[in-house]
Each structure stands twice: as C-alpha cells, then as structure tokens.
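So the chains spell out like this:
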Amino acid sequence: NLVTQDMVNQLQPGMTAAQVRYVLGTPLLVDTFTQDRWEYLYSLQPGGDKRTQERLTVYFDQNGRLTHFSGNFIPQMPEDSTAE
C-alpha cells in the first residue's frame, strides 16, 4: 500500500485498529505473535529512476488502540489559513 503524508496526518492516538486500517489500508506485515505492531513498507522506482523506499510502523495498546507510530513520516499540523 502506498502511504502518503495526508494519510499519516489523519492518524490520532486512541484510534481503533479498524479506523487505522480504514485510513492506511491493509498493513504489509502484522506480527503473528504480537499483533500490536503493523508494518507498512513500499518501494517505488519510476521509469528506472532512483528507488524510493518508505516505511511506517504503527503501534497499538492491549485494547487495540493506536498509541504511536514511527518511520519516514512525521505528523504535520494543518496550516492555519488565518495566520500571517
């Protein structure tokens, strides 16, 4: 699955696993022993150009709620259109 910055910006602590799956799609890897971590990984090499690889790992608590994430993306605050 292609993960974009816009998708990552929608992630909020406390989201359910179903909500995270709705935003990001099906993870590439879910650890069968500890299902509290999902891995999203993809690589892209358009037209023979340099390969780009992106990674996002999302973590859940024991109740299946999103606690945090790590990887190539950082959360961005929405731009305030009234600020100058």
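Draft legend 1. Representation of the confidence of the model for the protein chain. For the protein chain, the mean per-residue pLDDT works out to 84, and 88% of the residues sit at or above 70. Confidence scores differ between elements of the protein chain, with strand β1 (residues 29-30) showing the lowest mean pLDDT of 82 and helix α2 (residues 17-24) the highest of 95. Contacts for the low-pLDDT stretch residues 80-84, under 50 throughout, to residues beyond four places or in other chains number zero contacts.

Draft legend 2. Structural view of the pairing of strand β3 (residues 52-60). Here strand β2 (residues 37-44) pairs with β3 via eight bridges, running antiparallel. The partner of Tyr42 across the bridge, within β3, is Glu54. Strand direction decides the pairing type here: β3 and strand β4 (residues 66-71), joined by five bridges, are antiparallel. When the sheet's bridge partners are listed, Tyr59 is paired in β4 with His68. Counting the residues between successive antiparallel strands, the hairpin from β3 to β4 contains five residues, one of them, Gly64, with a positive phi of roughly 80°.

Draft legend 3. The side chain of Thr57, seen in detail. By the element assignment, Thr57 lies in strand β3. Thr57 sits in the buried class, given a relative accessible area of 0%. A distance of 3.1 Å separates polar atoms of two side chains, one belonging to Thr57 and the other to Arg55.

Draft legend 4. The arrangement of the sheet that holds β3 in detail. Across the sheet, which stays open at both edges, the four strands sit in the order β1-β2-β3-β4 with antiparallel pairing between neighbours. In this open sheet, the two strands that pair with only one neighbour each are β1 and β4. Relative to β2, β1 runs antiparallel, the two being bridged by two bridges. Residue pairing for β2: Leu29 is matched across the bridge by Glu39. Against the sheet, α2 contacts β2, β3 and β4, and its axis sits at roughly 5° relative to β2.

Reading guide: rules and limits
As a convention, each chain's residues are numbered from 1 in the sequence order in which they are written. Only residues with pLDDT of at least 70 get local features here, since the model is predicted, and only at 80 or more are side-chain atom pairs given and counted; chain-wide, interface and lining totals rely on the full set of residues. Calculation of side-chain values draws on the structure's entire complement of heavy atoms; hydrogens and water are dropped beforehand. Per residue, pLDDT measures the predictor's confidence, with a range of 0 to 100. Helix and strand assignments follow DSSP, with helices taken as H or I runs no shorter than four residues and strands as E runs no shorter than two, numbered in order from the N terminus. Any two residues having at least one pair of non-hydrogen atoms within 4.5 Å are treated as being in contact. Two strands are counted as paired when DSSP detects at least two bridges linking them. Exposure is judged per residue with a 1.4 Å probe applied to protein chains only, and the accessible area is read against the type maximum: over 50% gives exposed, under 20% gives buried, and values in between give partly exposed. Each polar contact in these results corresponds to two N or O atoms within 3.5 Å; when the atoms are within protein, one needs to be able to donate a hydrogen and the other to accept it, and residues that are neighboring in sequence are counted only if both atoms are side-chain atoms. Axis definition: a line fit to C-alpha positions, over the contact stretch in the case of helices; interaxial angles, taken between N-to-C directions, run 0 to 180 degrees.

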